[in-house]
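The lines below spell out each chain.
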Amino acid sequence: RTDFEYELLDTGVFADDLYFDVFVEYAKETPEDLAIRITVANRGPEEASIHLLPSLWFRNTWSWKANMPKPSMHAENGAIRAEHADLGLRYLHCEGTPELLFTENETNTGLLWKLPNTTPYVKDAFHQYVVNGRREAVNPERRGTKAAAHYTLTVPAGGERTITLRLTDDAASTAPAPAIFEQRLAEADSFY
């Protein structure tokens, strides 16, 4: 009873600095245009690889009651196109050419309760795909209600890698320019 609370540092998980830090920053270009910057820092003494899966999904409200409209996502011109009855049309534009993965935001009832799944593509599909190598876990038609941009990054020892994304209503947009982040940081610094 007199010992200190057991903390994450007490586990030894950070021993020898064998871990990554992941920083996610957001900056609005306009009310409907959100820039996203993800920086992965390798704290270890050797080059290391990491799978980064920035994800977009719709909350599963369509299964709550009959005749609820079901939103959709699919790959379109290297972006993720997301359409929702109330939220409208959005695009997630990704820097580079990541592999776009799709599934349904549906519980894996087969795994949890040994009940038949309503779809072969369930919400833990990205884990099954990346960790267990089950390529059939994701929808080959590249559509669903949950999507991810799959990046495999090699990060040098003590170094960083950065990717940018843009969530917008503009189909023709591209990954955001670094200037938007610097501008929003300067505005925040000036305000505070």
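The rules behind these values
- Residues numbered from 1 in each chain as written.
- Predicted model: local features only at pLDDT ≥ 70, side-chain atom pairs only at ≥ 80, totals over all residues.
- Heavy atoms only, no water.
- Salt bridge = Lys/Arg side-chain N within 4 Å of Asp/Glu carboxyl O.
- Helix = DSSP H or I, 4+ residues; strand = E, 2+ residues; numbered from the N terminus.
- Phe/Tyr/Trp six-rings, centres within 6.5 Å; stacked < 30°, edge-to-face > 60°.
- Buried < 20%, exposed > 50% of the residue type's maximum accessible area, 1.4 Å probe, protein only.
- Core = buried A, V, L, I, M, F, W, Y, C linked by side-chain atoms within 4.5 Å.
- Contact = heavy atoms within 4.5 Å.
- Pairing = 2+ DSSP bridges.
- Axes fitted to C-alpha atoms, helices over the stretch in contact; angles between N-to-C directions.

Colleague: Which parts of the structure should I look at to understand the pattern of salt bridges?
Modeller: Two side chains of opposite charge can pair, provided their charged atoms sit close to one another. This model, assessed by the stated rule, comprises 12 salt bridges. Across the pair Arg166 and Glu29 runs a salt bridge, and its minimum N-O distance is 3.6 Å. Note that Arg166 is positioned in strand β11 (residues 160-168) and Glu29 in strand β1 (residues 20-30), a separation of 137 residues in sequence. Measuring nitrogen to oxygen at the nearest pair gives 2.6 Å for the salt bridge that ties Arg90 to Glu32.

Colleague: Please clarify how the packing of aromatic side chains should be interpreted in this entry.
Modeller: The relation between two aromatic rings is expressed through the spacing of the ring centres and the mutual angle of the planes. Considering all chains together, one arrives at two aromatic pairs under this definition. Aromatic side chains Phe14 and Tyr19 sit 4.7 Å apart centroid to centroid with 80 degrees between the ring planes, which places their arrangement in the edge-to-face category. Exposure remark for Phe14: the relative accessible area of 30% places this residue in the partly exposed category. Tyr19 sits in the partly exposed class, given a relative accessible area of 24%.

Colleague: So what exactly am I meant to see when it comes to unusual backbone geometry here?
Modeller: Across residues other than glycine, the phi torsion is negative in most instances, and most of the peptide bonds are trans. Even without being a glycine, Asn77 presents a positive backbone phi close to 55 degrees. Summarising the element assignment, Asn77 is placed in the loop between β5 (72-76) and β6 (79-84). On the accessibility criterion, Asn77 (78% relative accessible area) is exposed. In the Ramachandran plot, Arg142 falls in the positive-phi region, its phi being about 55 degrees despite a non-glycine side chain. Here Arg142 shows up in the loop between α2 (125-130) and β9 (143-144).

Colleague: Honestly, the nonpolar core in this entry has me stumped. Any pointers?
Modeller: Where a protein is soluble and globular, its nonpolar side chains tend to be buried together. Among the nonpolar cores identified, the biggest contains 23 residues, and Met73, Ile80, Tyr151, Leu153 and Leu165 are the most heavily contacted of them. Among the secondary structure elements, those contributing two or more residues to this core are β2 (33-42), β3 (48-52), β5, β6, β7 (88-94), β8 (99-103), β10 (146-155) and β11. Among the elements that line this core, the one with the most residues is β10, at five residues. Setting aside anything within four residues of it in sequence, one finds Ile80 in contact with Leu56, Met73, His74, Arg90, Tyr91, Leu92, Leu100, Phe102, Ala147 and Ala148. In terms of nonpolar packing, the next biggest core, distinct from the first, is built from seven residues, Ala125, Phe126, Tyr129 and Ala137 among them.

Colleague: Can you walk me through the sheet that holds β1 in this structure?
Modeller: Strand-to-strand pairing in sheets goes through backbone hydrogen bonds, with the strands running parallel or antiparallel. If you walk across this open sheet you meet the seven strands as β1-β2-β11-β7-β6-β5-β9, and the pairing is antiparallel. In this open sheet, the two edge strands, each paired with only one partner strand, are β1 and β9. Its contacts with the sheet put helix α3 (residues 178-191) on β1, β2 and β11, and the angle it makes with β1 is roughly 85 degrees.

Colleague: What am I meant to see in the environment of Trp113 here?
Modeller: Along the polypeptide, Trp113 turns up in helix α1 (residues 109-113). Taking relative accessible area as the criterion, Trp113 reaches 53% and is therefore assigned exposed. On a C-alpha basis, the gap between Trp113 and Ala148 in space is 26 Å, while along the polypeptide they are 35 residues apart.

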